[in-house]
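Working through the structure, step by step
Each chain, letter by letter, is given below.
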Amino acid sequence: MSTLTTPAGRLGALARAEFTLLGRSKATLVAAVLVPLALPFSLRSVVDDMDVEEAGLSVGLVLLPASVGFALLFGVYGALAAIYTSRREELVLKRLRTGELRDVEILCGTALPIGATGLTQSLVLVGASTVLLDVPAPRSPQFVVPGLLLGLVMCAALAAVTAAVTRTVESAQVTTLPFVMISMILSGVAVPLELLPDTFASVCELLPLSPVIILIRGGWAGTLSPYEALGAVATAVAWTVLAVFAVGRWFRWEPRH
């Protein structure tokens, strides 16, 4: 039996093709690779002016999760929403559906290169943060790892949801902006939730990206209890399931007119 007739074989073939296309698209590479790497450095001066020590944090414990958040928002969510839209408008998705590939294989195969890029970026940024910002090893890695993986899957699913309401690749910069801005400001990426009023912070914890940042920051600092971690995981899973349902219900495979 040919490996291409198996789900893994079909998925791998599509992912390799997407890797090739990704390497040819300079605009996508800039958005997916360079922007997430540059943004954490621009945030340093802002964090220096925050009273993070009063919240039991350090500059490193603010910037490290923030760098991962930027990688997820720009390197995965934003870039993948544009890719899904581009593939749909160019009739690539429609042609793929006429073959052996199943819908879930098409979406996952398209997302794999960007997901791998986002994971690599996150690991590079984490390594750089531990060296340049003198951040110690994570005290509770069992919370950090699920947080990162859930973030990758959830942002990929949300990218597909956003692509469903995006007409053109150019307009993807607009349709992705609300989630990016809300997450940066209210999910603990640019401003730690520990610095917000308790009641307001409790509401912000329910936002999609918040549990990811909570798991990474709390797991790294060792301040997260198993109960709090379980709550964060449940919130992230709930948003992921909701996004997957929305994709199955409303994702468009043909160009929008």
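For clarity, every value in this text was computed on a predicted model and none was experimentally measured.

A few words on the packing of aromatic side chains. Taken as a whole and assessed by the stated rule, the structure comprises five aromatic pairs. With a centroid separation of 6.3 Å and an interplanar angle of 40°, the aromatic rings of Phe70 and Phe74 are classed as tilted. Highlighted residues: Phe70 and Phe74, both in helix 3 (residues 59-89), separated by four residues, approximately one helical turn. On the numbers, 5.9 Å between centres and 75° between planes, the contact of Tyr84 with Phe251 is edge-to-face. On the criterion of sequence distance, the pair formed by Tyr84 in helix 3 and Phe251 in the segment after helix 11 (226-250) is long-range, its members being 167 residues apart. The same class applies to Tyr84 as to Phe251, namely buried. Through a chain of ring-to-ring contacts, the aromatic side chains of Tyr84, Phe251 and Trp253 assemble into a single cluster.

Counted at 1.5 Å a residue, the expected span for helix 11 with its 25 residues is 36 Å, and the 36 Å between its end C-alpha atoms agrees. Buried within helix 11 we find Ala229, Ala232, Thr235, Ala236, Thr240, Ala243, Ala246 and Val247. Buried residues in helix 11 make contact with helix 5 (103-132), helix 6 (141-164) and helix 10 (210-221).

Before going further, it helps to spend a moment on a nonpolar patch on the surface. On the surface, a nonpolar cluster with roughly 350 Å² of combined accessible area is contributed by Leu119, Leu123, Val145 and Leu149. Elements with a minimum of two residues in the nonpolar patch: helix 5 and helix 6. On the secondary structure map, Leu149 appears in helix 6.

For Ser67, the position within the fold is in helix 3. The residues contacting Ser67, other than those within four sequence positions of it, are Pro40, Leu125 and Ser129.

The subject of this paragraph is the packing of helix 3 against helix 10. Interhelical geometry of helix 3 versus helix 10 gives an angle of 150° and a closest axis separation of 10 Å. In this structure, helix 3 meets helix 10 at a crossing whose hand is right-handed. From helix 3, Leu61, Val62, Leu64, Pro65, Ala66, Val68, Gly69 and Leu72 reach across to helix 10, where they touch Val212, Ile213, Ile216, Arg217, Trp220 and Ala221. Looking at side-chain class alone, the contact of helix 3 with helix 10 contains 12 nonpolar, one polar and one charged residues.

Cut-offs used in this document
Residues numbered from 1 in each chain as written. Predicted model: local features only at pLDDT ≥ 70, side-chain atom pairs only at ≥ 80, totals over all residues. Heavy atoms only, no water. Phe/Tyr/Trp six-rings, centres within 6.5 Å; stacked < 30°, edge-to-face > 60°. Helix = DSSP H or I, 4+ residues; strand = E, 2+ residues; numbered from the N terminus. Buried < 20%, exposed > 50% of the residue type's maximum accessible area, 1.4 Å probe, protein only. Expected span 1.5 Å × (residues − 1). Contact = heavy atoms within 4.5 Å. Patch = residues over 30% accessible without salt bridge, like charges linked within 9 Å, V, L, I, M, F, W, Y side chains within 5 Å. Areas by Shrake-Rupley, 256 points an atom, 1.4 Å probe, with all protein chains shown as cover. Salt bridge = Lys/Arg side-chain N within 4 Å of Asp/Glu carboxyl O. Axes fitted to C-alpha atoms, helices over the stretch in contact; angles between N-to-C directions. Left-handed = near helix turned anticlockwise from the far one by under 90°. Nonpolar A, V, L, I, M, F, W, Y, C, P; charged D, E, K, R; others polar.

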